[in-house]
Amino acid sequence: MDFSGQIASLLNASAILPEAIVIVTLLLVLIIDLIFGRKSVPWLPYFAIAGLLASVIALFYGWDNPNPTSFLGSFTSDNLSIVFRGTVALSTAITILLSIAYIENTGTSLAEFVGILLTATLGGMLLCGASELVMIFVSLEMLSISSYLLTGYMKRDPRSNEAALKYLLIGAASSAIFLYGSSLLYGLSGGVTNINTITATLQAGEGLESLGLAIALVFMVAGIAFKISAVPFHQWTPDVYEGSPTPVVAFLSVGSKAAGFAIAIRLFVTAFASVTEEWHFIFTALAILSMVLGNVVALAQTSMKRMLAYSSIGQAGFVMIGLVADTQAGYSSMIFYLFIYLFMNLGAFACIILFALRTGTDKISDYAGLYQKDPLLTLGLSLCLLSLGGIPPLAGFFGKIYIFWAGWQAGLYGLVLVALITSVISIYYYIRVVKMMVVKEPYEMSDIVKKYPPVRWNMPGMRPIQVGLVFLLIATSLLGILSNPVVTIANKSVSSSLVLKASLEARINNISATEIKTVL
Amino acid sequence: MDIQLEYFLILAAALFCIGIFGLVTSRNAVRVLMSIELLLNAVNLNLMGFSNYLDPGEIKGQVFAVFVITIAAAEAAVGLAIILAIYRNRDTIDMERFNLLKW
Amino acid sequence: MLNLLLILPIIGAIIISLLPSEKESNLNKNIALIFSSFSFIITCLIALNFDYNNGNFQYQTFLSWLPFLGLNYTVGIDGLSLPLIILNGLIVTLAIYNGETKQNAVNKPKLYYILILLLTTCVNGALIAQNLLLFFLFYEIKLVPIYLLISIWGRDKRNYAAIKYLLYTAFSGIFVLTAFLGLNFLTDGNSFDFDKITTQVLPQAKQILLLLTIVIGFAIKIPIFPLHTWLPDAYTEASTPVSMLLGGIISKLGTYGLIRFGLQLFPDVWGDISPYLAILAVITAIYGSLIAISQTDIKKMIAYASLAHINFVVLATAAGTPLSILGAICQMFAHGLIVTLLFHLVGIIEEKTGTRELSKLHGLMNPYRGLPFVGGLMILAVMASAGIPGMVGFVGEFLSFQGSFSVFPVYTLICLIATGLTAVYFVILLNRVFFGKMENKTGYLPKVQHFEHLPAVILAVIIIFFGLQPSLLTNLSLTTSNSIALLSN
């Protein structure tokens with residue numbers, strides 16, 4: 001075998017074909033923008049979307065890759081990562097669709113926005129498959145730094161600046177803490193950075209070593225909990241959601257969060273397999289705190305974006321149930337829920353963007369009486385919010401019930417009960433918005449809605465939002481009822497993932513061992 | 001005489017704590033950014049120490065440290081850019097006065 | 001056939017939503033009416049073709065839906081759900097018809113009729129679902145339409161009432177879901193299908209725990225004291241047709257669930273819980289009747305009366321004998337008809353006189369200036385409610401009490417007192433509102449047009465018909481009630 005062939009087989013570079021497509025798209029977007037300037041703007045975003053969709057198709061063809069490990073073990077392109085990478089790419093594609101009118105309205109450069117967004121996507125996609133500490137760190141930072149830039153994209157707007165600064169400082173600090181944890185992990189394992197092999201070398205010793213491992217665990221949880229905005233690492237969320245441009249929030253709430261959950265699964269299941277009980281405990285606490293605090297504080301919000309920020313904290317709590325369950329059903333319910341969350345949350349944000357474009361505000365009280373003026377927007381926002389609240393037959397109901405089912409099956413009765421109760425609370429604040437829009441009589445209409453411009457879809461940039469919104473609404477309404485194929489894919493991705501398989505089997509053996517013990 | 005690995009770790013931990021302290025107490029945004037650099041340097045020390053003592057063959061820790069330094073630079077660049085933007089808009093970089101967003 | 005019951009209203013709702021304008025109120029209404037009466041006709045056809053000697057589920061459809069959840073589209077009908085489905089078809093049709101005049105024309109008619117049609121589907125779905133999760137799905141969907149129906153077309157305090165209703169019902173849903181999840185895992189079942197779940201394999205303590213959760217869930221819905229506080233608000237603040245729906249059919253979902261998922265799933269431990277349930281039912285019945293006596297608002301009075309009467313069903317269910325279950329089913333049917341009629345009449349009175357206060361209403365029987373025909377119907381409704389023989393109310397109450405007496409003699413007797421109290425508050429109502437001298441300043445009340453009291457006349461005819469021919473009603477459920485109850489003994 002010649003040398004280059006050997007290298008190629010070691011690198012197995014074809015595994016990152018989807019990412020390569022995104023990179024090429026990104027470079028082309030930048031170059032085209034340089035050459036043609038503003039003239040290229042009208043079709044540039046569609047080019048980016050095409051690139052992302054091509055990447056999704058490439059992911060689809062990478063399904064059931066017989067040799068998922070690539071780049072000497074830094075990146076694993078197994079089915080689990082494919083599902084998450086697909087979610088991230090899809091969320092970006094839809095976000096671009098929603099952002100065209102918004103960005104043009106503010107007079108900033110669309111091409112640069114798309115470029116940074118694609119970089120963030122790239123980071124997120126790489127993070128989903130990263131299986132080596134350096135790789136995790138680099139892709140995490142790629143996602144984070146691009147997110148800071150996106151958050152501060154409206155550079156003339158002090159609110160956007162402030163959100164970006166807060167996000168950057170808290171984010172950088174949390175990634176430094178994460179890094180400290182990974183350096184400890186590197187040391188404790190005696191110089192291994194690949195998380196698949198790290199467990200074998202981590203001695204399950206007593207005293208200092210287990211203390212070190214516990215510290216590493218806590219530090220790394222802090223880093224990841226920041227990304228998925230779990231309480232108490234959530235303080236940035238409401239500020240960033242309120243201050244930054246709405247399309248960015250849409251991406252952060254879905255794409256960035258999905259990547260965070262992907263790495264959470266991979267990291268904790270593999271590297272921290274010897275302290276399974278500990279990380280289960282930590283995530284149980286995080287889940288309860290997130291569900292309670294997120295959903296309760298959301299009750300008091302007056303700004304739509306802030307309310308959705310707290311709601312997204314609560315939703316992250318629900319998803320963590322799947323992680324804590326640590327079973328086949330648990331993981332596939334997580335994937336299923338995140339996939340559904342993509343559509344319903346982006347749908348809600350699409351409506352908010354649309355409303356903000358027409359009126360320039362996002363206060364909840366300004367939505368009063370919207371039903372009279374814009375039934376489509378009202379219907380869309382109502383469907384998405386009710387779906388987030390878990391009202392059947394919308395997608396969110398099935399997602400939630402699957403997570404609860406999985407959690408209950410894993411014996412997490414307390415956690416599921418907390419989730420059930422907090423989801424009733426969440427119904428209350430979601431339906432408050434629906435009530436505001438639908439129930440108010442014409443004379444109770446807010447001044448903003450009274451001056452609501454006539455609904456026109458033929459203005460520049462409106463068509464894509466309309467297309468995106470309709471697509472998201474259809475997905476939100478039907479994805480739950482027709483969820484069988486999606487769940488089959490999620491299940492398959494979990495069961496075929498070597499990483500999870502080993503962990504699940506170990507757990508089953510463990511359980512049967514303890515059962516035997518109790519019998520004896 | 002040998003310098004034990006523990007000394008490096010303790011130094012790194014001390015540096016890390018100083019960084020955290022600076023992070024919590026600083027009012028000036030640039031100082032907060034500097035504190036974060038301290039945190040990252042503590043991590044670098046850790047990595048170098050581990051790499052020398054435990055992994056002298058593959059020195060993955062040193063490679064890791066190079067990546068960390070690079071990314072820290074990128075982060076600082078973005079951070080300073082954002083601070084610059086906020087200074088233009090608000091004429092201040094005092095953390096306590098960034099209070100447009102709160103609940 | 002059964003699937004049509006779910007699909008037809010949805011098709012109606014879609015057609016209405018596609019109508020171009022909001023203004024054609026009549027068009028919206030007529031389409032809704034066509035679809036609801038179609039589904040009513042279908043229920044009648046089902047009843048005609050129903051095999052009365054078969055206690056099992058009939059008209060079954062099974063479609064695998066979401067196997068990963070154990071959620072299948074399994075529907076079927078038996079003698080327990082059949083009368084309620086007929087009731088639902090009838091009441092929804094009448095509520096949609098509910099003589100709409102120029103003054104009380106519905107605003108936002110499009111949304112209104114869409115919501116009512118959706119509600120029909122949910123109720124039908126919940127009644128025919130033979131899969132626990134499917135039932136829960138329909139049980140939860142109806143939350144939003146009812147919430148909106150109360151909070152958009154209600155009276156002054158509608159927001160408060162609607163939110164209260166929403167929260168109570170949502171918590172009821174949580175209890176039910178928790179119990180269903182528990183049922184599925186404790187019994188190691190991989191499916192939520194009703195006929196595949198048996199609780200007998202469980203240890204007694206777990207069975208009791210699950211049953212308790214289910215009972216609490218449905219007790220909120222029925223409601224049983226002390227979980228009833230949403231009821232007076234919701235019933236009074238809702239507009240007339242919505243009250244008709246709430247009191248007539250939605251409340252039956254609670255008692256239906258209690259029989260189907262309480263008694264029928266937990267025959268072994270039902271006896272352990274039923275005495276407490278019976279006590280609570282008796283307390284609620286007496287409490288409801290006493291509070292009803294002290295009311296000054298006639299709609300509130302009827303709300304409390306309905307609270308008292310629905311708890312006769314709970315008592316009969318708790319007893320669990322073949323006769324009492326039959327009585328419970330008949331009482332549900334009778335209660336639905338009577339409460340709907342009462343709310344409808346109160347709606348007419350309120351519309352014509354502009355008030356529901358007992359103190360302001362006098363002598364409406366006045367043949368020239370009053371509402372004599374409404375008065376006559378009201379007397380009939382009240383008699384039916386009090387259980388006068390010859391009306392359907394008598395059938396239900398007699399069978400319930402007769403059946404329960406062997407198990408809970410004391411409680412049954414106390415409930416009989418509650419029936420006596422019914423007479424008290426309704427006599428007060430009749431006396432104040434319809435008899436006596438009509439004050440001159442009230443002037444001439446607007447005449448009630450024939451189309452306005454058409455629903456009342458239909459209901460009255462049905463009430464008398466089944467009162468005189470009770471065997472037609474009891475035949476519907478005789479076999480089923482026997483099979484349900486036998487499990488219990």
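Residues numbered from 1 in each chain as written. Chains lettered and ligands numbered in written order. Predicted model: local features only at pLDDT ≥ 70, side-chain atom pairs only at ≥ 80, totals over all residues. Heavy atoms only, no water.

Observations concerning the overall build of chain A
- On a plain count of helices and strands, chain A comes out with 22 helices and two strands.
- By the compact-globule yardstick of 24 Å for 520 residues, chain A fits well, its C-alpha radius of gyration being 23 Å.
- Principal-axis analysis of the C-alpha atoms gives chain A an extent of 70 × 60 × 40 Å.
- Within chain A, the fraction of its 520 residues that count as buried is 66%.
- Considering only contacts within chain A whose residues lie at least 6 apart along the sequence, 81% involve residues at least 24 apart.
- Accessible surface, chain A: about 16,800 Å² in total, of which carbon and sulfur atoms supply 69%.
- Charged side chains of chain A number 27 positive and 26 negative; the gap between the two group centres comes to 11 Å. (Helix = DSSP H or I, 4+ residues; strand = E, 2+ residues; numbered from the N terminus. Rg over C-alpha atoms; globule rule 2.2 N^0.38 Å. Buried < 20%, exposed > 50% of the residue type's maximum accessible area, 1.4 Å probe, protein only. Contact = heavy atoms within 4.5 Å. Areas by Shrake-Rupley, 256 points an atom, 1.4 Å probe, with all protein chains shown as cover. Lys, Arg positive; Asp, Glu negative; His and termini not counted. Charge placed at Lys NZ, Arg CZ, Asp CG, Glu CD.)

Observations regarding the interface of chain A and chain C
- Counting from both sides, the interface comprises 31 residues of chain A and, opposite them, 36 residues of chain C.
- Taken together, both faces of the contact between chain A and chain C bury some 3,200 Å²; the carbon and sulfur share is 77%.
- Our enumeration of links across chain A and chain C arrives at zero salt bridges.
- Only helix 15 (370-373), helix 17 (395-409), helix 18 (413-438) and helix 21 (484-496) of chain A provide two or more residues apiece to the side of chain A that touches chain C.
- Ranked by residues supplied to the side of chain A that touches chain C, first place goes to helix 18 of chain A with nine residues.
- Tallied by class, residues from the side of chain A that touches chain C come to 23 nonpolar, five polar and three charged. (Buried area = accessible area lost by both parts, 1.4 Å probe. Salt bridge = Lys/Arg side-chain N within 4 Å of Asp/Glu carboxyl O. Nonpolar A, V, L, I, M, F, W, Y, C, P; charged D, E, K, R; others polar.)

A few points about the packing of helix 11 (residues 270-293) of chain C against helix 12 (residues 298-319) of chain C
All names here are of chain C.
- Between helix 11 and helix 12, the shortest axis-to-axis distance is 8 Å and the interhelical angle comes to 160 degrees. Judged on the interaxial angle alone, helix 12 and helix 11 are roughly antiparallel. Of the two elements, helix 11 crosses helix 12, and the hand of that crossing is left-handed.
- Residues that form the contact of helix 11 with helix 12 fall into these classes: 18 nonpolar, six polar and no charged. (Axes fitted to C-alpha atoms, helices over the stretch in contact; angles between N-to-C directions. Parallel < 35°, antiparallel > 145°, perpendicular 65-115°, else oblique. Left-handed = near helix turned anticlockwise from the far one by under 90°.)

Side note on the packing of aromatic side chains
- In total, this model carries 53 aromatic pairs over all chains according to the counting rule given.
- For the pair A:F318 and A:F404, a centre-to-centre distance of 6.1 Å together with 75 degrees between the ring planes defines the contact as edge-to-face. Here A:F404 lies in helix 17 and A:F318 lies in helix 13 (residues 304-325), a separation of 86 residues in the sequence. Just as A:F318 is buried, A:F404 falls in that class too.
- Taking the centre distance of 6.0 Å and the plane angle of 70 degrees together, the rings of A:F336 and A:Y402 count as edge-to-face. One end of the pair, A:F336, is in helix 14 (residues 328-359); the other, A:Y402, is in helix 17, with 66 residues separating them in the sequence. There is no split in this pair, since A:F336 and A:Y402 are both buried.
- Ring pairing ties together the aromatic residues C:F135, C:Y139, C:F180, C:F218, C:Y256 and C:F261, which thus form one cluster.
- In this structure, C:K29 is placed above the aromatic ring of C:Y97, and the distance from its NZ or CZ to the ring centre is 5.2 Å. (Phe/Tyr/Trp six-rings, centres within 6.5 Å; stacked < 30°, edge-to-face > 60°. Lys NZ or Arg CZ within 6 Å of the ring centre and 35° of its normal.)

Concerning helix 5 (residues 110-129) of chain A
All names here are of chain A.
- Over its 20 residues, helix 5 runs 29 Å from end to end, which matches the ideal 28 Å to within 8%, given 1.5 Å per residue.
- Counting buried residues along helix 5, 18 of its 20 residues qualify, which places the element largely inside the surrounding structure.
- By the N-cap criterion, in which a side-chain oxygen at the helix start approaches the backbone nitrogen of a residue two or three places on, helix 5 is capped by S109, the distance to A111 being 3.5 Å. (Expected span 1.5 Å × (residues − 1). Polar contact = N/O pair within 3.5 Å; in protein donor to acceptor, adjacent residues only side chain to side chain.)

Quick look at the pairing of strand 1 (residues 58-66) of chain C
All names here are of chain C.
- Taken together, the six bridges between strand 1 and strand 2 (residues 71-77) define a ladder with antiparallel strand orientation. Note that in strand 2 the partner of T61 across the bridge is V75.
- Adjacent in sequence and paired antiparallel, strand 1 and strand 2 are bridged by four residues, among which G70 carries a positive phi angle near 75 degrees. (Pairing = 2+ DSSP bridges.)

Concerning the interface of chain A and chain B
- The partner chain B presents 42 residues to the 45 residues of chain A that form the contact.
- Both sides of the chain A and chain B interface together cover about 3,600 Å² of buried area, and 76% of this is carbon and sulfur.
- The three residues of chain A that bury the most area against chain B are A:E162, A:Y180 and A:Y186, which together make up 18% of that side's buried surface.
- A salt bridge links B:R90 to A:E162; its shortest N-O distance comes to 3.4 Å.

Considerations on the pattern of salt bridges
- Enumeration over the complete set of coordinates arrives at 18 salt bridges over all chains.
- Salt-bridge contacts for A:D447 lead to A:K450; the nearest nitrogen and oxygen are separated by 4.0 Å. Remark: A:K450 and A:D447 occur in helix 19 (residues 447-450); sequence separation between them is three residues, near one turn of the helix.
- For A:D447, a relative accessible area of 52% puts it in the exposed group.
- Residue classification places A:K450 among the partly exposed residues on the basis of a relative accessible area of 44%.
- In this structure, the salt-bridge partner of C:D233 is C:K164, at a minimum N-O distance of 2.8 Å. Here C:D233, found in helix 9 (residues 230-237), pairs with C:K164, found in helix 7 (residues 158-186); they are 69 residues apart in sequence, far enough to count as distant.
- By sharing partners, the salt bridges in this structure join A:R159, A:E162, A:K166, A:D239, A:E242, A:R306 and B:R90 into a single network.

Here we look at the confidence of the model for chain A
- When pLDDT is averaged across chain A, the result is 87; 95% of the residues are at 70 or more.
- Within the model, pLDDT remains below 50 along residues 515-520 of chain A, and this stretch shows zero contacts once partners closer than five positions in the same chain are excluded. (pLDDT = per-residue confidence, 0-100.)

Looking at the arrangement of the chains
- Most contacts, when the two pairs of chains in contact are compared, are made between chains A and B.
- Contact between chain B and chain C is absent, and the minimum C-alpha spacing across the pair is 25 Å.

Topic: unusual backbone geometry
- The step from A:V231 to A:P232 runs through a cis peptide bond, and the omega angle for that step is 5 degrees.
- Turning to its location among the elements, A:P232 is positioned in the loop between helix 9 (208-227) and helix 10 (236-243).
- Between C:F225 and the following residue, C:P226, the backbone shows a cis peptide bond with an omega angle of 0 degrees.
- With respect to the helices, strands and loops of the structure, C:P226 is situated in the loop between helix 8 (204-221) and helix 9.
- In the Ramachandran plot, A:D326 falls in the positive-phi region, its phi being about 55 degrees despite a non-glycine side chain.
- When you line up the elements, A:D326 lands in the loop between helix 13 and helix 14.
- By relative accessible area, which is 2% here, A:D326 ends up buried.
- Positive phi outside glycine occurs at C:Y59, with the angle close to 55 degrees.

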